[in-house]
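Architecture and fold: a report
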Amino acid sequence: MKEEMTRSKIPIKPLYTQEDVKGMDVETQLGLPGTFPFTRGIRPAAAWSWIQRELSGEGDPSRSNEQLKYLIASGQQGIDIIGDSPTMAYLDPDHPLAENTVGTQGVSLCCLQDYRDLYADLPLDTITASNSLPPPLAVAGLYLVAGERNIPAEKLRGSVLQWPFYAEDCGYAVHMPLRLRMRLAADCVEFCTKKMPKFHAFLEDTYFFSESGLTAVEEMALGFIEIRHLTRELVNRGVDIDSFAPRIAILVNCSMDFFEEIAKIRATRRIFARMMKEEFGAKDPRSMAVVITSHTSGLSLTAQQPFNNIVRGSIQALALVMAGARAIEISAFDEAYRTPSEASHLVGLRTQQVIASETGINKVADPLGGSYYVESLTDEMERRIQGLIADIEAKGDPVALSEKGWFKQFFEDVMARYAKQVQDKEVMKVGLNCFQIPDEEDTLLKEVAESKFEPCRRHIKKIKAYKHARDMEQVLNVLHELHDMARADQGNLMHPIIKALDAGATMGEMGGVMRMAYDWPYDPFFMVEPII
């Protein structure tokens, strides 16, 4: 008889009993919701909800602004914005490689006016503004726009992703040396700790690299390696652990392995709490209570029978609610084809609203707490995550491993492994490798899913005109300041970045001069001449 296993290869028994949790120190391992080690959640037991939102961004900033207003009017409680491919790579929309991708996989943002247009008429003092964008520019844009509207920076809530370690290896490549990426991440967190204390500037993004096919154990092990390294960097700078740790959050993935994903989140809270208390000496309980947010898995979706993706998103969201996630986004059912359509955005949002309003699940904290299976699985997840962290760190300093290409090879091996698992039907995907139907019959929702959004070339013309109309003497002065501070390898780069953005410099120009300061090419593709 075939042995059943979770996606992380943890053996599953057909029945769990009291014997499977025998010897567990329930008081130490579990506690109550809102108490150390926060296995059962970071808030005391009570009826609760979570921030319901959908990841959005398409075309130019004005078009994305319309999307955000539509979602807020439909009941969304916060916003989360993703940039297009050029934006994520620190390339301006007029870069020669950007022409066919501007605005097609997210919103195009490169200058202060773009951020003004993106946030126009949005209540930034009352909603959470989260960003899947290059962190320094996302923070600078939000900070400046809020200032122009007389909204105190101390009131700003939301988050920005940090991905310095693995950015170049499996997506979101910014073509910068690791030393610069780490510095920008630490500078961003340090700046927000002082200027935007309610903002989560340290949102560890395990989602993006786990979409290469990582298991839950691999996802969290790599996430904790990055969290620990960046935390050590901040502490070594003299930043007090209790000044920034309360605003650390983790954006996790959520696959179709229902119980394993719940156990992963419960184990993650426990590992984080102990790490902050025992390794970093945190005293404030909030420093040990990590906020878990999630975006459901795009990798789990299929282009075949896209209506099945609605079911997948619903199941994953249900797992996240039962695990106590504090903010949730559901991957759009048409994600295999395009950025989310208005219809798929609404389906994802309504799915969350149905769970919150009709199921009663959020009336109880940690409803699966005490389950023989879930507690046994949580313990095993914790053990395996800690074990993999130790195995990787035993290979050497993570920075050295990254520079040697160890993580790059790791991700490549994982992608090959996942492709084989799907091909061999070890990973079952309805509509793709089982329960298939002929293409001519696969029509439900296809018309919605396959509708494409053309590249927003008018934004390229707009940015070219913007650059031509600037005070170039002022722009060159602020870019020289940014270059010189980056070159000196001291001082917080957020200050000259904010100054440069305010003076009219673009993201591509700032990225370019920072690369030059670290002896890298201004343009990683050698297609644009340096501006300084």
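Everything that follows concerns the structure shown earlier in this document.
The present account deals with the structure reproduced in this document.

Cut-off values and rules
- Residues numbered from 1 in each chain as written.
- Predicted model: local features only at pLDDT ≥ 70, side-chain atom pairs only at ≥ 80, totals over all residues.
- Heavy atoms only, no water.
- Helix = DSSP H or I, 4+ residues; strand = E, 2+ residues; numbered from the N terminus.
- Rg over C-alpha atoms; globule rule 2.2 N^0.38 Å.
- Buried < 20%, exposed > 50% of the residue type's maximum accessible area, 1.4 Å probe, protein only.
- Salt bridge = Lys/Arg side-chain N within 4 Å of Asp/Glu carboxyl O.
- Phe/Tyr/Trp six-rings, centres within 6.5 Å; stacked < 30°, edge-to-face > 60°.
- Lys NZ or Arg CZ within 6 Å of the ring centre and 35° of its normal.
- Pairing = 2+ DSSP bridges.
- Right-handed = clockwise from strand over helix to strand, strands pointing away.
- Patch = residues over 30% accessible without salt bridge, like charges linked within 9 Å, V, L, I, M, F, W, Y side chains within 5 Å.
- Areas by Shrake-Rupley, 256 points an atom, 1.4 Å probe, with all protein chains shown as cover.
- Contact = heavy atoms within 4.5 Å.
- Axes fitted to C-alpha atoms, helices over the stretch in contact; angles between N-to-C directions.
- Core = buried A, V, L, I, M, F, W, Y, C linked by side-chain atoms within 4.5 Å.
- Disulfide = S-S within 2.5 Å.

Here the focus is the overall build of the protein chain. Each helix and strand in the protein chain was counted, giving 21 helices and 9 strands. At 23 Å, the protein chain has a C-alpha radius of gyration in line with the 24 Å of a compact globule built from 532 residues. Reported as C-alpha extents along the three principal axes, the dimensions of the protein chain are approximately 75 × 60 × 45 Å. Per-residue burial over the protein chain gives 60% buried out of 532 residues.

Okay, the pattern of salt bridges next. Scanning the model with the defined rule gives 40 salt bridges in all. For E261, the salt bridge is made with K264, and the minimal N-O distance between the two is 2.6 Å. In this pair, E261 and K264 both sit in helix α10 (residues 258–279), 3 residues apart, roughly one turn of the helix. You can call E261 buried: its relative accessible area is 3%. One salt-bridge network, held together by shared partners, links R179, R183, D187, E190, K194, E233, R237 and D489.

Time to look at the packing of aromatic side chains. One pass over the full model with this rule turns up 19 aromatic pairs. A ring pair is formed by Y166 and F407, whose centres lie 5.1 Å apart and whose planes are at 75°; its orientation type is edge-to-face. One end of the pair, Y166, is in the loop between β5 (157–162) and α6 (178–195); the other, F407, is in helix α16 (residues 406–423), with 241 residues separating them in the sequence. F407 shares its class with Y166; the two are buried. Aromatic side chains Y172 and F208 sit 5.1 Å apart centroid to centroid with 35° between the ring planes, which places their arrangement in the tilted category. With Y172 in the loop between β5 and α6 and F208 in helix α7 (residues 206–210), this residue pair connects regions lying 36 residues apart in the sequence. Taken together, the ring pairs in this structure connect W163, F165, Y166, Y172, F208, F209, W406, F407, F410 and F411 into an aromatic cluster. Geometry around Y16 places K13 over its ring, the cationic atom sitting 5.6 Å from the centre.

Burial within strand β3 (residues 78–82) is extensive, with 5 of its 5 residues counted as buried. Side chains G78, D80 and I82 of β3 all project onto a buried face; the interleaved residues I79 and I81 project onto the opposite face, where all are buried too. Here 2 bridges tie strand β2 (residues 55–56) to β3, and the two strands are oriented parallel to one another. When the bridges of β3 are listed, S56 appears paired with I81. In this fold, the crossover linking β2 to β3 by way of helix α2 (residues 61–73) has right-handed handedness. Sheet topology note: the β3/strand β4 (residues 128–132) ladder contains 5 bridges and is parallel. When the sheet's bridge partners are listed, D80 is paired in β4 with S130.

Of all 7 residues making up strand β6 (residues 199–205), 7 are buried, and the element is well covered by its neighbours. Relative to β6, β5 runs parallel, the two being bridged by 4 bridges. Across the sheet, Q162 pairs through a bridge with E204, a residue of β6. Crossover β5 to β6 through α6 is right-handed.

A separate point is a nonpolar patch on the surface. On the surface, a nonpolar cluster with roughly 310 Å² of combined accessible area is contributed by L97, F525, M527 and V528. Relative to the elements of secondary structure, M527 occurs in the segment after α21 (507–517).

With that settled, the discussion passes to the sheet that holds β2. Taking strand neighbours across the sheet as the criterion, the 9 strands line up as β1-β9-β8-β7-β6-β5-β4-β3-β2 in an open arrangement whose pairing is parallel. A strand with exactly one partner marks an edge of an open sheet, and here the two such strands are β1 (51–52) and β2. Pairing of β1 with strand β9 (residues 327–329), which is carried by 2 bridges, proceeds in the parallel orientation. The residue bridging Q52 from the neighbouring strand is I328, located in β9. The strands touched by helix α8 (residues 216–236) are β5, β6 and β7 (248–252); relative to β6, the strand with the most contacts, the crossing angle is about 135°.

On to unusual backbone geometry. Looking along the chain, the bond that leaves F36 and enters P37 is cis, with omega of 5°. Note on placement: P37 falls in the loop between α1 (26–29) and β1. The backbone of K425 shows a phi angle near 65°, a positive value even though the residue is not glycine. Within the secondary structure, K425 is located in the loop between α16 and α17 (446–450). K425 gets classed as partly exposed once you look at its relative accessible area, which sits at 45%.

With respect to the secondary-structure elements, E426 resides in the loop between α16 and α17. Along the primary structure E426 and A201 are separated by 225 residues, whereas in three dimensions their C-alpha atoms are 38 Å apart. In this view, E426 contacts K9 and Q421; residues no more than four positions away in its chain are not counted.

Within the secondary structure, F453 is located in the loop between α17 and α18 (457–468). Along the backbone, F453 and L137 are 316 residues apart, and their C-alpha atoms lie at a distance of 25 Å. Setting aside residues no more than four positions away along its own chain, F453 makes contact with E58, G59, R63, G103 and T104.

Tracing the backbone through its elements, the reader meets R183 in helix α6. Counting along the chain gives 47 residues from R183 to L230, while the straight-line C-alpha distance between them is 9.3 Å. With residues up to four places along the chain from it excluded, the contact list for R183 reads R237, M485, A486, D489, Q490, G491, L493 and Y518.

The biggest cluster of nonpolar side chains holds 148 residues, and the ones touching the most others in it are Y119, M276 and M514. If near-sequence neighbours (up to four positions away) are discounted, Y119 is found in contact with N65, I79, I81, L124, N131, L142, V145 and R149.

A separate point is the state of the cysteines. Using the criterion set out here, one finds 0 disulfides in the structure. In this model C192 remains outside any disulfide bridge; the closest cysteine sulfur is found in C188, 4.6 Å from its own. Residue classification places C192 among the buried positions, given a relative accessible area of 1%. Between C456, a cysteine without a disulfide, and C110, which holds the nearest cysteine sulfur, the sulfur-to-sulfur distance is 12 Å. Residue classification places C456 among the buried positions, given a relative accessible area of 1%.

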